[in-house]
Amino acid sequence: MIPLPLARIAEITSGALSGMADPRAVVRGPVVIDSRAVEPGSLFVAIKGARVDGHDYAAHAIRAGAVAVLATRPVEAPAVIVPDAAAALAELAAAQVRTLSNVTVIGVTGSAGKTSTKDLLARLTARVGATIAPQGSFNNELGHPLTVLRADLDTRFMVLELAARNIGHIKELTRIAPPQIGVVLNVGTAHLGVFGGKEAIAKAKGELVESLPRSGVAVLNADDPLVRGMATRTEARVTYFGRGESASIRAEGVVVDARGRASFTLRTPSGAARVSLQLYGEHAVENALAAAAAGYELGLPVATIAEELSEATARSRWRMEVTDRGDGVTVVNDAYNANPDSMKAAFSAFEVLGKGRRRFAVIAALRELGEDGPALNAELGRLAGGAGLAGLIVAGPDAEPVLAGAHAAAQASAPQAPTGPAQPPAGPAQVPPGAASGAPAYQGQPGHGQPVRIVHVPDAEAAAAQLAAWLRPGDAVLIKGPRAMGLERTAELVLGGATQ
């Protein structure tokens, strides 16, 4: 952060000093909303949430070294009192950006892949100059300005991730830090229920390209018609990435290895180079192309881009993290979040990574899908039930459509009864060891002749316990669900314990 005295912070935020605050005291950063992250020189922003009120931690923040608190009511600490803490945080960040004349702001948005693309692009820009990028998915009205406020006079690039929960959200984020380059990855079904349709999602994502100046660049996915159509919504120059011939930055000759990692030839207008990704899943190709296109616009040589993409590993947690336990069990932790599109991508990658092995999956019902929710969750169940698994665990509430779809797909893939002479009547269905009482079991081809087990459990901990009963050395498990289910806890427990 660029150091600011409290008097200037009060002026920027239209706030009033309170609690014996010294107007000459200087905030040097970082600006934080978690009192546990306070460092000497910090500004602590007190946010009132649904469960926790930051104002209750004001005194603790000061004891930890904060210079003052940005608050909406008087607290027992030096403070700048403002009507709306989130709005004041945004104004403070916007004022800081205006002082950074040498910074290039790059915005990344899309329904899926934002964080991975942001991480790749930040690696590329770091080859050119000091770069600020969000930690994890700091991409909303709080995380966005907090990221911006980490910049200082040495910063040359801000690679920012922009999320939208409704129309106008991205527009507001671009007001805080106006981008010169805007990258749009895709328009999918994430938050479909909030927006009401993919066209509305496209409208929201397109606010990024609308914010670009005439001198800027819109980097668009040529393979997504709704993204390609955004070219008419900007006066900036447009460049395309993708797999087709119409993309100026494209992937040719994509191959995927036994661990699900893609290699391809990166083709650009000035040459080509081979890329071998260490990231898992073929869907990482599109993220790499988007980062490459933005890097190319910044003047990076194609050889340098290919080198950086080939050396990149996942920076943000719980996104296609692949870990091999000591007993050979492979755990794919993609639990950070999920939507219908990312579920398909994860199962596609898992099919390759777990080929020839007993495979299990832990999933949960998707959320924020509106009236399409039951149908899309039933489709998720059919995807999982027909994915060749030895066992499927569905965790958490609202699981009925997922379970129904999974049972239907499992039955459809079960071997047909032999024809010929009448067979003895079948005995009662056997529930495999470790399966929940009453859970249907289906004889399917995928689990090496073993029943396909479908179980519903209440939470992440119960999912881990069920896996402990099922997993044997050499198995593979995919863990993926909506953020609210916290299925990363399942992965942590599975990785921390031995098989039973």
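Throughout what follows, the structure given in this document is the object of discussion. (Residues numbered from 1 in each chain as written. Predicted model: local features only at pLDDT ≥ 70, side-chain atom pairs only at ≥ 80, totals over all residues. Heavy atoms only, no water.)

**Looking at unusual backbone geometry**
Excluding glycine, most residues fall at negative phi; most peptide bonds, likewise, are trans. The condition is simple: What counts as a helix is a DSSP run of H or I of at least four residues, what counts as a strand is a run of E of at least two, and both are numbered from the N terminus.
Of note, the amide linkage connecting glycine 29 to proline 30 takes the cis form, showing an omega dihedral of 0 degrees. Residue position: proline 30 is located in the loop between β3 (26-27) and β4 (31-32). Positive phi is not limited to glycine here, since methionine 20 has a value of about 65 degrees. Along the chain, methionine 20 falls in the loop between β2 (16-18) and β3.

**Some points on the sheet that holds β2**
What links the strands of a sheet is backbone hydrogen bonding, and the strands pair in either a parallel or an antiparallel sense. Rules: Pairing between strands is defined by DSSP: at least two bridges between them are needed. Note on contacts: a residue pair qualifies if any of its non-hydrogen atoms lie within 4.5 Å across the two residues. Orientation is described by lines fitted to C-alpha atoms, with helices fitted over the stretch in contact, and by angles between N-to-C directions that extend from 0 to 180 degrees.
Here five strands make up an open sheet; going across it, the order is β2-β7-β6-β5-β4 and the pairing mixed. With partners counted over all chains shown, the strands left at the sheet margins are β2 and β4, one partner each. Of the pairings in the sheet, the one linking β2 to strand β7 (residues 79-81) comprises three bridges and is antiparallel in character. When the bridges of β7 are listed, serine 18 appears paired with alanine 79. Each of β2, β5 (43-45), β6 (68-71) and β7 is contacted by helix α1 (residues 6-13), which is oriented at about 15 degrees to β7, the strand it contacts most.

**Notes on the packing of aromatic side chains**
Each aromatic ring pair is specified by the distance between its two centres and by the angle formed by the two planes. Convention followed: Under the pairing criterion, centres of Phe, Tyr and Trp rings, with the six-membered ring standing for Trp, must be within 6.5 Å; the plane angle then separates stacked pairs below 30 degrees from edge-to-face pairs above 60, leaving the rest tilted. Criterion for a charge above a ring: Lys NZ or Arg CZ within 6 Å of the ring centre, and within 35 degrees of the ring normal.
Scanning all chains against the criterion turns up one aromatic pair. Taking the ring centre of tyrosine 240 as reference, the NZ or CZ of arginine 228 above it sits at 4.3 Å.

**Here's the deal with the packing of helix α13 (residues 340-353) against helix α14 (residues 373-385)**
The condition is simple: By definition in this entry, angles of less than 35 degrees are roughly parallel, angles greater than 145 are roughly antiparallel, angles of 65 to 115 are roughly perpendicular, and the rest are oblique.
Put simply, α13 and α14 touch, their axes get as near as 11 Å, and they point 0 degrees apart. One element, α13, and the other, α14, form an angle in the roughly parallel class. Together, Pro340, Met343, Lys344 and Phe347 of α13 and Leu376, Glu379, Leu380, Leu383 and Ala384 of α14 make up the contact between the two elements.

**Some thoughts on the side chain of threonine 147**
What counts, and what does not: With a 1.4 Å probe rolled over the protein chains alone, any residue whose accessible area is under 20% of its type maximum counts as buried; one over 50% counts as exposed, and the rest are partly exposed.
Note that threonine 147 resides in helix α5 (residues 143-148). Residue threonine 147 is classed as buried on the basis of its relative accessible area of 2%. Discounting chain neighbours no more than four positions away, the residues touching threonine 147 are Ile132, Ala133, Pro134, Phe138 and Leu160.

**Here we look at the sheet that holds strand β12 (residues 217-221)**
The strand order across the open sheet built from nine strands is β9-β10-β8-β11-β12-β13-β14-β15-β16, with neighbouring strands paired in mixed fashion. With partners counted over all chains shown, the strands left at the sheet margins are β9 (131-132) and β16 (271-280), one partner each. Two strands pair when backbone bridges link them, and β12 and strand β13 (residues 237-242) are joined in this way by five bridges, in the parallel orientation. Within the sheet, the bridge partner assigned to alanine 218 lies in β13 and is valine 238. Its contacts with the sheet place helix α4 (residues 114-125) against β8 (104-109), β9, β10 (157-161) and β16, and it is angled at close to 175 degrees to β10.

**Thoughts on the pairing of β8**
Within β8, five of the six residues are buried, which leaves it mostly tucked inside the rest of the structure. In terms of strand pairing, β8 meets strand β11 (residues 181-184) through four bridges, oriented parallel. The residue bridging glycine 107 from the neighbouring strand is glycine 182, located in β11.

**A few points about the pattern of salt bridges**
Put simply, the rule is: Between Lys or Arg on one side and Asp or Glu on the other, a salt bridge is scored when a side-chain nitrogen of the former is within 4 Å of a carboxyl oxygen of the latter.
As enumerated under the stated definition, the model contains 29 salt bridges in all. Aspartate 22 serves as the salt-bridge partner of arginine 24, at 3.4 Å between the closest nitrogen and oxygen. A residue is classified by how much of its surface remains accessible, and arginine 24, at 69% relative accessible area, is exposed. Classification of aspartate 22 by relative accessible area gives partly exposed; the value is 33%. The residue arginine 489 makes a salt bridge to glutamate 492 at a minimum N-O spacing of 3.8 Å. In this pair, arginine 489 and glutamate 492 are both assigned in helix α17 (residues 488-496), three residues apart and thus about one turn of the helix distant. A relative accessible area of 34% places glutamate 492 in the partly exposed class. The network of salt bridges with shared partners includes Arg123, Arg127, Glu307, Glu308 and Glu311.

**Section: the nonpolar core**
Quick reminder of the rule: Nine residue types can take part in a nonpolar core, namely buried Ala, Val, Leu, Ile, Met, Phe, Trp, Tyr and Cys, and a core is a set of them joined through side-chain atoms within 4.5 Å.
Leu6, Ile9, Val31, Leu43, Met158, Leu220 and Met230 are the most contacted members of the largest nonpolar core, which totals 58 residues. At eight residues, the largest contribution of residues to this core is made by helix α3 (residues 85-98). The residues contacting leucine 43, other than those within four sequence positions of it, are Ile9, Val27, Pro30, Val31, Val32, Ala68, Val69, Leu70 and Leu92. By size, the runner-up hydrophobic cluster in this structure holds 38 residues, among which are Val159, Leu185, Val219 and Leu289.

**Some words on helix α11 (residues 284-297)**
Residues three or four positions apart in an α-helix share a direction because the helix packs 3.6 residues into each turn. Under the convention used in this document: Helix span, expected: 1.5 Å multiplied by one less than the number of residues in the helix.
Between its terminal C-alpha atoms α11 stretches 20 Å, which fits the 20 Å expected from 14 residues at 1.5 Å a residue. All of the buried residues in α11 are Ala284, Val285, Asn287, Ala288, Leu289, Ala290, Ala291, Ala292, Ala293, Ala294 and Gly295. Looking one or two residues beyond α11, the residue adopting positive phi is glycine 299, at roughly 95 degrees.

**Quick word on the environment of glycine 113**
Position of glycine 113 relative to the elements: it lies in the loop between β8 and α4. Glycine 113 sits in the partly exposed class, given a relative accessible area of 24%. Placed 72 residues apart in sequence, glycine 113 and leucine 185 show a C-alpha to C-alpha distance of 7.3 Å. When residues no more than four places from it in sequence are discounted, the contact partners of glycine 113 are Leu185 and Asn287.

These values are about where atoms sit, not about what they do.
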